[in-house]
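Below, each chain spelled out in residue letters.
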Amino acid sequence: MTVRPIRPALPAALCAAALLFLTAACGSGSGAGSDGLGSADKYKVGSTDLSGVCPKKVVIQTDWNPQAEQGGLYKLLGPDPVIDSSAKQVRGPLFAGGSWTGVDVEIRAGGPAIGNQPVPVQMYTDPDIMLGWVNTDEAVQNSADKPVTQVFATFDKAPWMIMWDPKKYPKVKTIKDLGKTDATVRYFDGATWMDYLLGKGILRRDQIDGSYDGSPAAFLAAGGKDAQQGFATVEPYLYEHDLKEWDKPVAHQLINDTGYPLYAVALSVRSEDVTAQSKCLKKLIPVVQQSTVDYFADPAPVNKLIVKAVDAFDTGWVYTKGQAADSAKRQLAEGIVSNGDDRTIGDFDQARVRKILDITTPILTRNGTAPADGLKAQDVATNQFLDPSIGLAESKKG
């Protein structure tokens with residue numbers, strides 16, 4: 001089965017519009033066209049010069065529409081970025097420390113914009129893509145035919161969660177507690193983490209329902225009786241503040257905290273590019289580290305661009321200034337973005353990668369998508385391009 005990334009829920013009134021777009025997008029695949037940037041005529045290269053080692057345009061493929069979880073990427077964009085509503089891309093000069101790096105950057109929307117194709121597949125379909133957002137279990141799943149290696153951990157904890165109504169289930173504090181109730185747990189069919197939860201006895205097979213489609217309709221219709229997957233950085237705010245049919249808090253627990261510690265949507269390269277693009281990555285990835293730190297220091301300007309891009313793309317996905325601001329706060333508050341156990345943002349704990357490899361290998365093999373023979377943790381993720389001195393000041397330890 002294909003691993004499907006968890007998708008934030010759409011307000012009920014927009015589901016039909018979103019489905020119409022999905023139908024149209026599946027046969028799309030329009031190119032970027034002329035960017036019209038002319039960066040060399042407008043800017044001087046600063047102290048970080050990527051022009052000698054990186055492509056003229058660094059293309060980054062995300063797995064969904066623009067949102068605050070991509071803040072560190074959008075912070076890379078220099079002045080006057082171009083929003084391409086037809087191609088669902090945002091591009092501009094790639095800046096570091098307030099100066100141009102000599103190359104441009106293009107951030108591409110995923111999900112409906114690429115026919116919901118998995119990012120590793122898209123990376124091997126389009127060689128222009130240098131970096132893509134890939135989950136650890138997804139990298140393991142694709143390792144035999146489309147190997148990718150994670151080079152920057154976007155999140156220290158995956159924001160994937162299961163949520164429930166705290167009034168209906170006041171004694172439920174964890175997903176394991178939820179497994180002791182009669183609650184139906186709705187999720188996207190094919191999620192490897194659900195096989196893990198079932199295998200560990202955390203949830204029961206008779207209570208899960210793989211019909212979740214991103215819409216809040218079923219959750220609302222159940223009146224709080226059912227539980228549902230989601231993003232801890234999206235649904236809690238959406239359901240309490242923007243979804244008037246609910247208009248109250250939801251409780252949740254991260255899938256990470258059940259013992260499934262994958263790195264979600266980590267920036268990844270085709271595995272051969274660990275060597276082929278090593279000179280570029282050695283200079284580029286520290287720039288991404290710093291842009292992530294800078295985004296969280298002042299997320300509002302970048303969030304404004306993200307919301308503007310969502311409006312321009314007009315896919316049926318609605319994203320507000322309030323959702324973006326809340327997401328940036330929650331990413332830090334819940335430890336979703338952090339330095340982890342050291343002083344470095346974006347690094348991987350190889351023991352965690354090995355654990356996900358050990359958990360998912362039998363599941364994926366049973367499901368017909370066995371990983372490459374002899375796959376090792378260092379094949380899936382590497383810290384070799386990170387600058388260990390770059391991290392979030394507020395979460396530095398010792």
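Residues numbered from 1 in each chain as written. Predicted model: local features only at pLDDT ≥ 70, side-chain atom pairs only at ≥ 80, totals over all residues. Heavy atoms only, no water.

Participant: What's the story with the confidence of the model for the protein chain in this structure? I'm lost.
Facilitator: Interpretation of the predicted coordinates at a detailed level should be avoided for regions scoring low in pLDDT. Here the protein chain averages 91 in pLDDT, and 90% of its residues register 70 or above. Per-residue pLDDT stays below 50 along residues 1-34; that stretch engages in 84 contacts with residues further than four places along the chain or on separate chains. (pLDDT = per-residue confidence, 0-100. Contact = heavy atoms within 4.5 Å.)

Participant: Mind showing me how you'd approach the pattern of salt bridges here?
Facilitator: Pairing is possible between side chains of opposite charge, provided their charged atoms come close. Scanning all chains against the criterion turns up 13 salt bridges. Its salt-bridge partner being Lys-57, residue Glu-106 comes within 3.2 Å of it at the nearest N-O pair. Pair noted here: Glu-106 is in strand 4 (residues 99-108) and Lys-57 is in strand 1 (residues 57-61), with a separation of 49 residues, a long-range link. One salt bridge in this structure joins Asp-156 and Arg-352, with 3.6 Å as the shortest N-O distance. In this pair, Asp-156 sits in the loop between strand 6 (148-152) and strand 7 (160-164) while Arg-352 sits in helix 14 (residues 350-366), placing the two residues 196 residues apart along the sequence. Just as Asp-156 is buried, Arg-352 falls in that class too. (Salt bridge = Lys/Arg side-chain N within 4 Å of Asp/Glu carboxyl O. Helix = DSSP H or I, 4+ residues; strand = E, 2+ residues; numbered from the N terminus. Buried < 20%, exposed > 50% of the residue type's maximum accessible area, 1.4 Å probe, protein only.)

Participant: Got a minute to help me understand the sheet that holds strand 7 in this structure?
Facilitator: Hydrogen bonding along the main chain pairs the strands of a sheet, whether they run parallel or antiparallel. If you trace the five strands from one edge of the open sheet to the other, you get 9-8-10-7-11, paired in mixed fashion. Two strands close off the open sheet at either side, each with one partner strand: strand 9 (208-209) and strand 11 (251-254). Pairing between strand 8 (residues 185-186) and strand 10 (residues 227-231): two bridges, direction parallel. By the bridge assignment, Arg-186 is partnered in strand 10 with Gln-228. (Pairing = 2+ DSSP bridges.)

Participant: Would you mind showing me how to read the environment of Arg-186 here?
Facilitator: Secondary-structure assignment places Arg-186 in strand 8. Arg-186 sits 27 residues away from Asp-213 along the chain, and the two C-alpha atoms are 9.2 Å apart. Residues contacting Arg-186, with those up to four places away along its chain left out, are Asp-209, Ser-211, Tyr-212, Ala-218, Phe-219, Asp-226, Ala-227, Gln-228 and Gln-229.

Participant: What am I meant to see in unusual backbone geometry here?
Facilitator: Glycine aside, residues mostly have negative phi angles, and peptide bonds mostly take the trans form. Residues other than glycine seldom take positive phi values, yet Val-265 does so here, at roughly 40 degrees. Note that Val-265 resides in the loop between strand 11 and strand 12 (266-270). Judged by its relative accessible area of 5%, Val-265 falls in the buried class. One non-glycine residue with positive phi stands out, namely Asp-314, at about 50 degrees. Looking at where Asp-314 falls in the secondary structure, it is placed in the loop between helix 12 (300-313) and helix 13 (321-333). Judged by relative accessible area, which is 61%, Asp-314 ranks as exposed.

Participant: I tried to follow the pairing of strand 12 on my own but got confused; where do I start?
Facilitator: For strand 12, a buried count of five out of five residues is recorded, marking the element as mostly surrounded by other parts of the structure. Where strand 6 and strand 12 come together, four bridges link them in antiparallel fashion. Paired with Gln-150 across the two strands is Ser-268, which belongs to strand 12.

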